Each structure stands twice: as structure tokens, then as C-alpha cells.
Amino acid sequence: MPTIGVNAAHGGTIFASVTGGTDANFHTFRGQGFGVRGQPQPSLSADPSDATDESRCIIVSPAQFRGARTYYEIDTSSITSAVASATLDINVTTETGAGGVILIKGTDLGVGFSTGDYLSPVGIDNSNSDASYDGVATKYSDAATLSGTGAKSITFNAAALSDMQSDDEFYVCVMSKHDYEADKPTSVFDGEDIRWDGRTGTTPPVLNYTLSTGYANNIMGVASANIGSVIGVATANIDKINGV
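Residues numbered from 1 in each chain as written. Predicted model: local features only at pLDDT ≥ 70, side-chain atom pairs only at ≥ 80, totals over all residues. Heavy atoms only, no water.

**A word on the overall build of the chain**
When its secondary structure is counted, the chain shows three helices and 14 strands. Out of the 244 residues belonging to the chain, those deemed buried represent 45%. For the chain, long-range pairs separated by at least 24 residues make up 80% of all intrachain contacts whose partners lie at least 6 apart in sequence. A total of about 10,700 Å² of accessible surface is found on the chain, and carbon and sulfur atoms cover 48% of it. (Helix = DSSP H or I, 4+ residues; strand = E, 2+ residues; numbered from the N terminus. Buried < 20%, exposed > 50% of the residue type's maximum accessible area, 1.4 Å probe, protein only. Contact = heavy atoms within 4.5 Å. Areas by Shrake-Rupley, 256 points an atom, 1.4 Å probe, with all protein chains shown as cover.)

As C-alpha cells, this is what we get:
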């Protein structure tokens, strides 16, 4: 299957931390105070070039929430036909806790990656960090449990497959499941912390994909990647429908 590497010059990991263990502290940690005048701000730092990338949402002692979100840009201009399936393949080096991550749609990060990109994923802002991002963010995967270390694959959903074909640049954020769902860690080291080879690491992340075969067009609004047959005929055996 063809693969495309992530852009090593764009994106990176942003770390956040907030002292305290209350619901309000957790909301601030997720971004509620970020950019809002008069509100407490999460402590943020950006790592645009490290050999290790990370997804994290934990609480440590004394009470402090710590998190990490990783942002990628992938050149998908070479994908011009329908994508049947795709995964983000990473090499996990450390996994602590439940190991849950979710992929969501990001935005153009450019070359000036900084803490200002913390709330850059589509649909996320400082007004909705007190609840799950479900329904406001664009999910690119279901929650995936990455147990242990080594090669792991996170499966992209239909929304992601469509964007890979239609967009020349594909943006994705890797977020902890606890972070995405606003599931506040309640005890020391509750939550998850997953680290993997980053953009400059030994085994950088790649987009691994398979193109659809047969009739590669939508039918009545249904993407070809989700169509196995038309009136009992496999898509691999269909060249045209009604002359199209």
C-alpha cells in the first residue's frame, strides 16, 4: 500500500499544564482560559522539532493536569481518486495508562508553529472546553486503544478518507481520549500518556492508504469508498453508470 510521510517542517506537539485538580482547573487546562482576558491561562509550550511526539492527559501530585496534543500536516496532493481505507502508522515508544487516542481534523499550521495553535483543530475554541468535543470537532477516527509499544495503526474514518482525496494538504490532530471526551483524570497518573517516534525520529509517522477500485464516484451522495456493489454488481466490475 502507498504511504506518505508527515511534513517534518510543519506541526509538532504542544504541551499544556494547570496547577490544581478541580473541574475549573481541568477546563482551563483544555483551553477555556486561553486567549480570554481576565481568565487564568494554561501554561503552554510548543515543540516543533523533537524526535518524539506525544498525546497526554494525566493528573500528577501535587494536583496538576498535564497534557499534550500533536499536530500533523500531510501532503495529499498525489491522491486524486477515492480512498478505500487509510491508517496513521506510528511507532509507540512509551505507553502509560489506558492508551486511548482519537484523530480529529486540524487546520493549516504553516511554518510558525507555536502555542497559539493549541486550539487550532476545526470546531475547538475556548468556549467549549468544559465539555466533550464530540459534535463540535470533526472526528477523523474512533477512539483507538494503543496497548504496549511498537508499531501501531489508527484507522481513519470516511470523513478523513474524503478529505484526503479532495484536499491537497491534510491536517490532523492526535488527541488523548480523556482530553477529547472531557473525562477528567481523578487520581495520580490516571489518564494516558503515549509517546512515539516523531517527525524526525527513527520511524516517523506515515499515512498508509489504499485506493478504491472500480467505479470511483459518489452515487446518490454515498462515497464510492463506502459502496461495495451497485444492484449486485461489484464496483470493481463497473466502468460507467448510465453512461457516466
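**Thoughts on the pairing of strand β2 (residues 12-19)**
Counting buried positions along β2 gives six out of eight residues, so the element sits mostly inside the fold. In the sheet, β2 pairs with strand β5 (residues 64-75) via eight bridges, with the strands oriented antiparallel. Bridge assignment links Ile14 to a residue of β5, and that residue is Arg69. (Pairing = 2+ DSSP bridges.)

**Some points on the environment of Pro2**
Residue position: Pro2 is located in the segment before β1 (3-5). Residue classification places Pro2 among the partly exposed positions, given a relative accessible area of 37%. In this structure the C-alpha to C-alpha distance between Pro2 and Val206, which are 204 residues apart in sequence, comes to 9.8 Å.

**Side note on the nonpolar core**
Ranked by internal contacts, the top residues of the largest apolar core, which has 27 residues, are Ala86, Leu103, Leu146, Phe156, Met164, Phe170 and Leu207. The element contributing the most residues to this core is strand β6 (residues 83-97), with five residues. Sequence-distant contacts of Met164, defined by excluding residues within four places in its chain, comprise Thr76, Ile79, Val83, Ala86, Phe156, Phe170 and Leu207. Residues Ile14, Ile102, Ile124 and Tyr133 belong to the second largest nonpolar core, which totals 21 residues. (Core = buried A, V, L, I, M, F, W, Y, C linked by side-chain atoms within 4.5 Å.)

**Re the pattern of salt bridges**
Applying the stated criterion across every chain yields a total of ten salt bridges. Between Glu54 and Arg195 there is a salt bridge; the shortest N-O distance is 3.2 Å. You can see Glu54 sitting in strand β4 (residues 52-60) and its partner Arg195 sitting in strand β11 (residues 191-197), a full 141 residues away along the chain. Note on Arg195: relative accessible area 31%, which makes it partly exposed. Between Asp193 and Arg195 there is a salt bridge, and its shortest N-O distance comes to 3.3 Å. (Salt bridge = Lys/Arg side-chain N within 4 Å of Asp/Glu carboxyl O.)

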